[in-house]
Amino acid sequence: MTDQQPAMGRVDQLIARDIACVRGGRLLFAGLGFSLAPGGVMALTGPNGIGKSSLLAILAGLAPAAAGSVELPTETGRIAYLGHGDGLKPLATVTETLAFWAVVNGPGNAQARRQAIDEAMETFALGPLAALPCGYLSAGQRRRVALGRVVATAAKLWLMDEPATALDGAGARAFDDALAGHVAAGGMAVVATHGPIAVDGIETLEIARFAGAAAGIADPDTWGLGVDQDP
Amino acid sequence: MIHFLANPARFMRIGARVLPWCWAVAALGMGAGLWFALVSSPADYQQGDSVRIMYIHVPSAWMALAVYSLIALVSAMALVWKHPLGYLIGRAAAPLGTGFTVICLVTGALWGQTSWGTWWVWDARLTSVLILFFLYLGYMALASAFDDPDRGNRAAALLAIVGFVNIPIIKFSVDWWSTLHQPASVLRSGGPAIHPSMLTPLVLMAVGFAAYFLALLVLRVRAEIAGRKVAALMMASAMGGAGSNPARRERI
Amino acid sequence: MTAFFALLAFDIRLSFRRGADTMVVVGFFVLTVVLFPFAIGNDTALLARIAPGLVWVTALLAAMLALDRLFLADFEDGSLDQLLVSEMPLELTVLAKAAAHWVTTGLPLIVAAPVLALVLNMDRAGLAHLALSLALGTPVLTLIGAIGAALTLGARRGGVLISLLVLPLYIPVLIFGVGVVTAAIDGIDASARIMALGGLLLGALALAPLAAAAALRQAAR
């Protein structure tokens, strides 16, 4: 039901309309909508289990929304997603990891790719770790590599779930700088977070627990099937 | 049709109306079928009275295949229209289909004992039904293998479609394998040619079996819907009344 | 296409670095075949007669043994999400991962099979056809297995479940695979059976990535 196809014409915004999310037969939130213009950052906040990660997954196209639609910016089809898992292979070195993901989900042009990888290595101080297999890294170092992958994709839209997890002070500052640089260059980001993010002009979307019956969802009359009622 | 039945309340109403007819047709079909099968039809000149096993064996083989096809069909509908009723029907039908498969295999073994003197022969048809039995087992195991029932539903639905696509291939390969390893036997299950006096009870029994299956299916789906309704209400009250409109509650 | 080959190369390289994957599969294959003479007795003629079926069944089981690794690590460490989010079509992703898996587990079986057939005293007329039938058949096993591996992601008892789902679907491959070898040994024209096996391969190449990709999408949400 999530319409991932962009509308006709060029859209440079990320637009979410009337999103509802059902997890495990439970309605987490409904009627959620927002738009994000180039250069915008949105922080998703709210208590645990409210559906921040689920919303990010919906925006990334990993999970369908129970209702509503998402319009991704058409300018670049690529999105960078950072979930709970770092997505690193213990036996692949940091360099190999970044190079691989830049090919799978990065700029098509080899030189642009090279540049994006260099930028990622520099931003998160990955140089000293470059030749190490990811399995040797600490949790914070792994997180830096995962963040480096986000930079290496050179995607316009970043979707991040608790990006600062396990980062030390320097790492967190590097992340803030990277995010600031990304939006200053016209990028967009949606970041689920509990902590503060030191980026100017950040918008905050606090997800509230859904209360009351929405049309056809979590309504006892649909008997937990989440389907339409009698016409 | 699926959209018409897709509403659980409507399914319950229609189910309640259809159910007595299903029972009636099942009783009539099987009753008359048994009379023709046991009394009115002739014994086979070669197999004697043991040929009467066929009137149970063949209709259950038909049902086994038909029910699997039904599961694949409703699974495809559920995946395409993202409608959970298809999953419910598929999961409710699977144990019934497995039952028909087991009946077919057991009667096949009994029949084999009387006509070939062995409980099991690697006859192409029996072997195909045996593989169908494994497909059923896989479907049911996968459907119940997840903590999140929705995930189990979707995975099992996909598996049902994959299995359905494979059935003709399996059937063809087993038939080919069978001709390769043993020359076609004179006494194939189903017989080389069916005499009309045998066809009447066969068709009657098949109709009875189908109606019986429908009746059980409606019962099982209704039970499942009721169970989900209870779960939804418990969830709603646990969430502090979210979605629990008292005006609706009395209609449970 | 660049992404396809990058994923293929990445997976193969990591698998070789791990090393154990290939060894476990081939070790299981060899050891299980070697068990049979102990169970059946050292009747050379009997072993020779059942060798094609025996080698094929064991190869099939060995190929199945490695299936749970196909997507599980990616599912658990978050790589699967990355692959899903990327622009690479998921069907192509499945194909690349299945190809890498086949290179590290299927290919070694094809190399080991003729040796084992010789150990079992199989008629040498069937050796080339044994390798050929495995070359055509093992990719089908991997592709069908990819569907089972994707369907069981996140399931309880995933490994055992895969065998229950996948083994019935392996039967046609087994029938035609052994058919090719016995035809060669019996001096019958094997081309029809080779064609049938090739047909299964083409069908699996076309359809299995679709089904496995659909299953992966279901698993990831």
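Our structure's up above, just so we're on the same page.
Worth saying up front: this structure is predicted, and the values here are computed from it rather than measured. (Residues numbered from 1 in each chain as written. Chains lettered and ligands numbered in written order. Predicted model: local features only at pLDDT ≥ 70, side-chain atom pairs only at ≥ 80, totals over all residues. Heavy atoms only, no water.)

Our focus in this paragraph is the overall build of chain B. When you go through chain B residue by residue, the secondary structure sums to 8 helices and 0 strands. In chain B, the succession of helices and strands from N to C terminus is α-α-α-α-α-α-α-α. Within chain B, the proportion of its 252 residues that are buried is 48%. Pairs at least 24 residues apart make up 78% of the contacts formed inside chain B by residues separated by at least 6 positions. Carbon together with sulfur atoms contributes 71% to the accessible area of chain B, which is approximately 11800 Å² in total. (Helix = DSSP H or I, 4+ residues; strand = E, 2+ residues; numbered from the N terminus. Buried < 20%, exposed > 50% of the residue type's maximum accessible area, 1.4 Å probe, protein only. Contact = heavy atoms within 4.5 Å. Areas by Shrake-Rupley, 256 points an atom, 1.4 Å probe, with all protein chains shown as cover.)

A count of helical and extended segments in chain C gives 9 helices and 0 strands. Shown N-terminal to C-terminal, the secondary structure of chain C runs as helices and strands in the order α-α-α-α-α-α-α-α-α. Taken over the C-alpha trace, chain C has a radius of gyration of 18 Å; the compact-globule value for 221 residues is 17 Å, and the two agree within 12%. Dimensions along the principal axes, computed over C-alpha positions, put chain C at roughly 55 × 35 × 30 Å. Here the contacts in chain C between residues at least 6 apart in sequence split such that 79% fall between residues at least 24 apart. Charge-centre separation for chain C: the mean point of 12 positive side chains lies 3 Å from the mean point of 13 negative side chains. (Rg over C-alpha atoms; globule rule 2.2 N^0.38 Å. Lys, Arg positive; Asp, Glu negative; His and termini not counted. Charge placed at Lys NZ, Arg CZ, Asp CG, Glu CD.)

Before going further, it helps to spend a moment on the sheet that holds strand β2 (residues 26-36) of chain A. Residue and element names in this part refer to chain A. Ordered in space as β2-β1-β4, the 3 strands form an open sheet in which the pairing is antiparallel. Looking at strand neighbours, the two that pair on one side only are β2 and β4 (67-71), the edges of this open sheet. On average, adjacent strands in this sheet sit at an angle of 25 degrees to one another, irrespective of strand direction. Looking at chain direction, strand β1 (residues 14-23) and β2 are connected through 7 bridges and run antiparallel. Directly across from I19, in β2, lies its bridge partner L32. The sheet strands contacting helix α1 (residues 52-60) are β1, β2 and β4, and the helix crosses β1 at an angle near 125 degrees. (Pairing = 2+ DSSP bridges. Axes fitted to C-alpha atoms, helices over the stretch in contact; angles between N-to-C directions.)

Grouped together as the largest cluster of nonpolar side chains are 117 residues, with contacts concentrated most on F29, F71, L130 and L151 of chain C. Broken down by element, this core gets its largest block of residues, 13 residues, from helix α7 (residues 127-151) of chain C. If we ignore the near neighbours within four places in the chain, the residues touching F71 of chain C are V94, K97, A146, A149, A150, L153 and L216 of chain C. Counting 35 residues, the second-largest nonpolar core is a separate cluster that includes A102, A120, V150 and V151 of chain A. (Core = buried A, V, L, I, M, F, W, Y, C linked by side-chain atoms within 4.5 Å.)

Moving on, we come to the interface of chain C and chain B. Residue-level contacts link 27 residues of chain C with 29 residues of chain B. With both chains or domains summed, chain C and chain B bury close to 2400 Å², and 73% of this area falls on carbon and sulfur atoms. Where chain C touches chain B, the interface holds 1 salt bridge. Between D147 of chain B and R156 of chain C there is a salt bridge; the shortest N-O distance is 2.4 Å. Seen at the junction of chain C and chain B, the total is 6 residue pairs in polar contact (both at pLDDT 80 or more). Going through the elements one at a time, α7, α8 (158-186) and α9 (191-220) of chain C are the ones with two or more residues in the side of chain C that touches chain B. No other element matches α8 of chain C, which puts 10 residues into the side of chain C that touches chain B. (Buried area = accessible area lost by both parts, 1.4 Å probe. Salt bridge = Lys/Arg side-chain N within 4 Å of Asp/Glu carboxyl O. Polar contact = N/O pair within 3.5 Å; in protein donor to acceptor, adjacent residues only side chain to side chain.)

What follows concerns the interface of chain A and chain C. In this assembly, 24 residues from chain A lie in contact with 24 residues from chain C. When chain A packs against chain C, close to 2100 Å² is buried across both sides, 65% of that on carbon and sulfur atoms. Together, L62, K89 and L91 of chain A form the three largest contributors to the area buried by chain A at its contact with chain C, with a combined 28%. In this assembly, chain A and chain C are joined by 4 salt bridges.

Turning our eyes to something else, we now look at the sheet that holds strand β6 (residues 157-161) of chain A. Note on sheets: strands pair through backbone hydrogen bonds, and any given pair is parallel or antiparallel. Residues and elements named next belong to chain A. One open sheet accounts for 5 strands, arranged β5-β6-β7-β3-β8; its pairing is parallel. With one partner strand each, in any of the chains shown, β5 (79-82) and β8 (203-206) form the two edges of the open sheet. Sheet twist, expressed as the average angle between the axes of neighbouring strands with direction ignored, equals 15 degrees. Relative to strand β7 (residues 188-192), β6 is paired through 5 bridges, and the arrangement is parallel. The residue bridging L157 from the neighbouring strand is M188, located in β7. Against the sheet, α1 makes contact with β3 (41-45), β5, β6, β7 and β8, and its axis sits at roughly 150 degrees relative to β6, the strand it touches most.

For the rest of this paragraph, the subject is the side chain of T104 of chain C. Residues and elements named next belong to chain C. Following the sequence through the fold, T104 ends up in helix α6 (residues 90-119). Here H101 takes part through its backbone oxygen, which lies 3.1 Å from a polar atom of the side chain of T104. Here T104 is in contact with I12, S15, F16 and T22, once residues within four sequence places are set aside.

Two side chains that carry opposite charge are able to pair once their charged atoms sit near each other. Applying the stated rule across the entire model yields 15 salt bridges over all chains. A salt bridge links D175 of chain B to K171 of chain B, with the shortest nitrogen-to-oxygen separation between them at 3.3 Å. Of this pair, D175 of chain B and K171 of chain B both sit in helix α6 (residues 149-181), 4 residues apart, which is roughly one turn of that helix. Judged by its relative accessible area of 29%, D175 of chain B falls in the partly exposed class. For K171 of chain B, a relative accessible area of 32% corresponds to the partly exposed category. Residue D11 of chain C is joined to K97 of chain C by a salt bridge in which the shortest nitrogen-to-oxygen separation is 2.7 Å.

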